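Structural characterization, general
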Amino acid sequence: MTDLAPTIPLISDGIAPGAADEPAWLADLRRAGLSVYTERGLPTVKVEAWKYTSLAGLKKIPFVLDDGRARLPDGGDSDALALGPDDALRVTLVNGRLAGVPADLPAGVRIASLAHLLATEPSVVEPHLGRIADLADAPMGALNAALMADGLVVLVAPGTVLERPLHVVSVSNTPDGQARHGHPRHLIVLGDGARATLVESRVSAPGAADSLCNAVTEIALGREARLSHLRHVERADTAVDLDLTEATLGEGATYDTFTLTLGGRLVRNEARVRLRGGGASTALKGAYGARAGQHFDTTLVVDHAVPDATSDQVFKGVVDAGGKAVFQGKIIVRKDAQRTDGNQLHKAMLLARDAEVYTKPELEIYADDVTCSHGATVGELDLNQLFYLMARGIPEADARALLVEAFLDDVVEAVPEGPLREAFLGRVRAWQARRHATTWETS
Amino acid sequence: MALLEIKDLHATVEDDDGNPKPILKGISLTINPGEIHAVMGPNGAGKSTLSNVISGRPGYTVTGGTVTYDGQDLLEMEADERARAGIFLAFQYPVEIPGVATGTFLKTAINARRKANGEPEIEAVDFLKMMKANAKKLGVADSMLKRPVNVGFSGGEKKRAEVLQMAMLEPRLCVLDETDSGLDIDALRVVADGVNALRTPERGMLVITHYQRLLDYIVPDVVHVLADGRIVKSGDKSLALELEAKGYAEFTGAAA
């Protein structure tokens, strides 16, 4: 394999092929992925979907493929890295490898390591793995298919309701200081009428060296299934985090996501949601705050394939001096998808002159009876609001912080009320407190 | 010592082309503790500019004169310092701030002042008690306090909320910028009662208004007529009645 692609980044050091006794379908999936990736290579800014997000910097880093030996650092506590303690079922992954499965799972719920299932019961994942994600125009997703080694598999049987949230803490770690790339692969399948809340924290171990996490999550929701997917991304400044989530929704299914991105050198949250059943609905919401040297990309595609489905995209973000944010949101309404209700809104606040934001809304509508809207605003802190707060004695730095928080909090309310919302608001507060000291005091 | 002493104040504001446009052209005015001064004048006379310069709003340049507050050079202080030193501007157009709850905002403001004075933060219970008592006096519903600052408030509610804030922050100098605009007679009475309740021998007030009507309820000690950036006449409360009868023509004519 090495000879095939000596100059293509990330595979020129030789790829780790799957086990020799891998089932043929899996070997085929890997081959297909490798073929797409070797043909396309690392996407460049000439590729439309990557126009505003350059991966060129990856070529300069001497990455090696993660070998699966990294653990949490000594005394490492995933609670401290993630959203803090909560009442959730906790699963920890280090560089995409599952580090243990919670005991006492309710009946009808299976949580397992992908590596374990592929080795012992590949038929459990065969109906779904690689069948939800479309590799053709996703070179990084294709690379994931070629190199995936492990990840999380969650299977919820029809009619089963997972009462406690499942909190997955994904930690990047480079214990030997060697730059690593890894390709976690997750699979979430909810049967008809099943319900679950999945919380994801993507963080870095303290002092981690350069890392690339190129994850793919495939989600299949059966009839009337409901998944609430809450994500907290706060990687280290050494981390590149590319995440592709592909979801397929059956009739009446609901997929609601909230993504809070506050840390990482380059983070791309790409989601493709296919509404395949009438009455299906998805809400893709999120907030981000990018500081100097950070680049956060949100790329969404909602595909209305059938009539009577609804979708709602709402993202809000703030960008400090030297930070960069990208929002690409697309709504596709296919010919038969009459009575579609699809909305999209992106609001960015630039806090300094050299902050950058790129917004690209796209509506591709082939049906004639639809309600679709999109809105995008890029603004600055409202000086009238700032003066009003200061005229009541609130110091400028505090007043600015209050306004930035208010701007973001508004969308954090998408997280269902309760300890989880408080935890997300807490992350916004902590982020604000950190930037407070460094950003305003120096201006 | 005078509470506020303005001497020969000149100020400009940038016009649309970025050129400085003189608005205040030599204002002198002294407010002693316990006094209420009214500033009346036609549109464009510089009334709002005067309140904005006193409160430290950006966008205005003082080109001459002095403003001394309680012995300190006010023009050297930032807007938030002035507020913490006890100056309160009741806005003509209170600003809506989505996402910031009214209660949180008020508590932050009170604590900012306490911190500057080296005092401990207000106890949550005391704060709530104080807020409820003041809200009741001003006819401000509990539901309004739960809403974000000024969001979804009617014109009258916004003005009542301004006076509520004023009562909570216990300023030494209150500047009311056309607080009567947009109020019907009942709301005007409620707001005026709220303001009158804050009259003390230590507190001074500067009431800026276009109409005499407000001064039936908030009775001033001194009335100044402002026209074309200058105070062209000062007198007692009867001057306001005179203006109501004759209008501003005499002064705008004189200024032109």
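Bear in mind the structure is a predicted one, so any value in this text is a computation, not a measurement.

Chain B puts 29 residues into the contact, and the matching count from chain A is 15 residues. If you look at where chain B meets chain A, you find one salt bridge. Among the ionic pairs, Arg 392 of chain A bridges to Glu 162 of chain B, the shortest N-O distance being 2.8 Å. The interface formed by chain B and chain A includes nine residue pairs in polar contact (both at pLDDT 80 or more). Of the residues in the side of chain B that touches chain A, the class split is 18 nonpolar, six polar and five charged.

Attention shifts here to the layout of surface pockets. Residue and element names in this part refer to chain A. What the largest pocket holds in volume is close to 450 Å³. Of all the secondary structure elements, the ones that give two or more residues to the lining of the largest pocket are strand 14 (266-275), strand 16 (295-304), strand 18 (324-333) and strand 20 (356-365). Its residues placed into classes, the lining of the largest pocket shows seven nonpolar, three polar and twelve charged.

Here we take up helix 9 (residues 238-246) of chain B. All names here are of chain B. Here helix 9 has its buried residues at Leu 239, Ala 240 and Leu 243. The arc that holds the buried residues of helix 9, viewed along the axis, is 105 degrees, so those residues lie on one side. Among the residues trailing helix 9, Gly 247 stands out with phi positive, at a value near 80 degrees.

All names here are of chain A. Of all the ten residues making up strand 13 (residues 254-263), nine are buried; the element is thus mostly covered by neighbouring parts of the structure. Two elements, strand 11 (residues 226-234) and strand 13, share nine bridges in a ladder whose sense is parallel. By the bridge assignment, Leu 227 is partnered in strand 13 with Tyr 255. Pairing analysis gives eight bridges linking strand 13 to strand 15 (residues 281-290), with the strands arranged parallel. Bridge assignment links Thr 254 to a residue of strand 15, and that residue is Ser 281.

What follows is about empty space enclosed by the protein. By rolling a water-sized probe across the atoms, one finds the places where empty space is left. Residues and elements named next belong to chain A. Evaluated as defined, the whole model comprises ten cavities of 30 Å³ or more. By volume, the largest cavity is sized at about 100 Å³. In this structure, the largest cavity is lined by 14 residues; those nearest its centre are Trp 50, Met 140, Gly 141, Leu 244 and Glu 270. Split into classes, the residues belonging to the lining of the largest cavity amount to seven nonpolar, two polar and five charged.

In this section: the packing of helix 6 (residues 383-390) of chain A against helix 7 (residues 396-412) of chain A. All names here are of chain A. Two numbers describe how helix 6 lies on helix 7: the axes approach to 9 Å, and their chain directions differ by 130 degrees. Considering their axes alone, helix 6 and helix 7 lie oblique with respect to each other. The way helix 6 lies across helix 7 gives a crossing that is right-handed. In contact with Gln 385, Leu 386, Leu 389 and Met 390 of helix 6, helix 7 contributes Glu 396, Ala 399, Arg 400, Leu 402 and Leu 403. Per-class residue counts for the contact of helix 6 with helix 7 are six nonpolar, one polar and two charged.

Turning our attention to the pattern of salt bridges. Residue and element names in this part refer to chain A. What the rule picks out here adds up to 42 salt bridges over all chains. One salt bridge in this structure joins Arg 274 and Glu 246, with 2.9 Å as the shortest N-O distance. Placement of the pair is Arg 274 in strand 14 and Glu 246 in strand 12 (residues 239-249), with a sequence separation of 28 residues. Grouping residues by exposure puts Arg 274 and Glu 246 together as buried.

So, about the domain arrangement of chain A. Bring the parts together and some accessible area is lost; that lost area is often taken as the interface size. All names here are of chain A. Here the domain parsing of chain A yields domain 1 (2-277) and domain 2 (381-443). A separation of 31 Å is found between the C-alpha centroids of domain 1 and domain 2. Between domain 1 and domain 2, the contact holds 13 residues from the first and twelve residues from the second. Of the roughly 1,100 Å² buried where domain 1 meets domain 2, counting both sides, 80% is carbon and sulfur surface. Of all residues in domain 1, Leu 83, Phe 258 and Leu 262 give up the largest surface area on contact with domain 2, accounting jointly for 48% of the area buried on that side.

Cut-offs applied
Residues numbered from 1 in each chain as written. Chains lettered and ligands numbered in written order. Predicted model: local features only at pLDDT ≥ 70, side-chain atom pairs only at ≥ 80, totals over all residues. Heavy atoms only, no water. Contact = heavy atoms within 4.5 Å. Salt bridge = Lys/Arg side-chain N within 4 Å of Asp/Glu carboxyl O. Polar contact = N/O pair within 3.5 Å; in protein donor to acceptor, adjacent residues only side chain to side chain. Nonpolar A, V, L, I, M, F, W, Y, C, P; charged D, E, K, R; others polar. 1 Å grid on protein atoms, 1.4 Å probe; cavity = no way out; pocket = protein on both sides within 12 Å on 5 of 7 lines; lining within 4 Å. Points joined across faces, edges and corners; volume = space filled by probe spheres on them. Helix = DSSP H or I, 4+ residues; strand = E, 2+ residues; numbered from the N terminus. Buried < 20%, exposed > 50% of the residue type's maximum accessible area, 1.4 Å probe, protein only. Arc of directions from axis to C-beta. Pairing = 2+ DSSP bridges. Axes fitted to C-alpha atoms, helices over the stretch in contact; angles between N-to-C directions. Parallel < 35°, antiparallel > 145°, perpendicular 65-115°, else oblique. Left-handed = near helix turned anticlockwise from the far one by under 90°. Domains from an automatic or database assignment. Buried area = accessible area lost by both parts, 1.4 Å probe.

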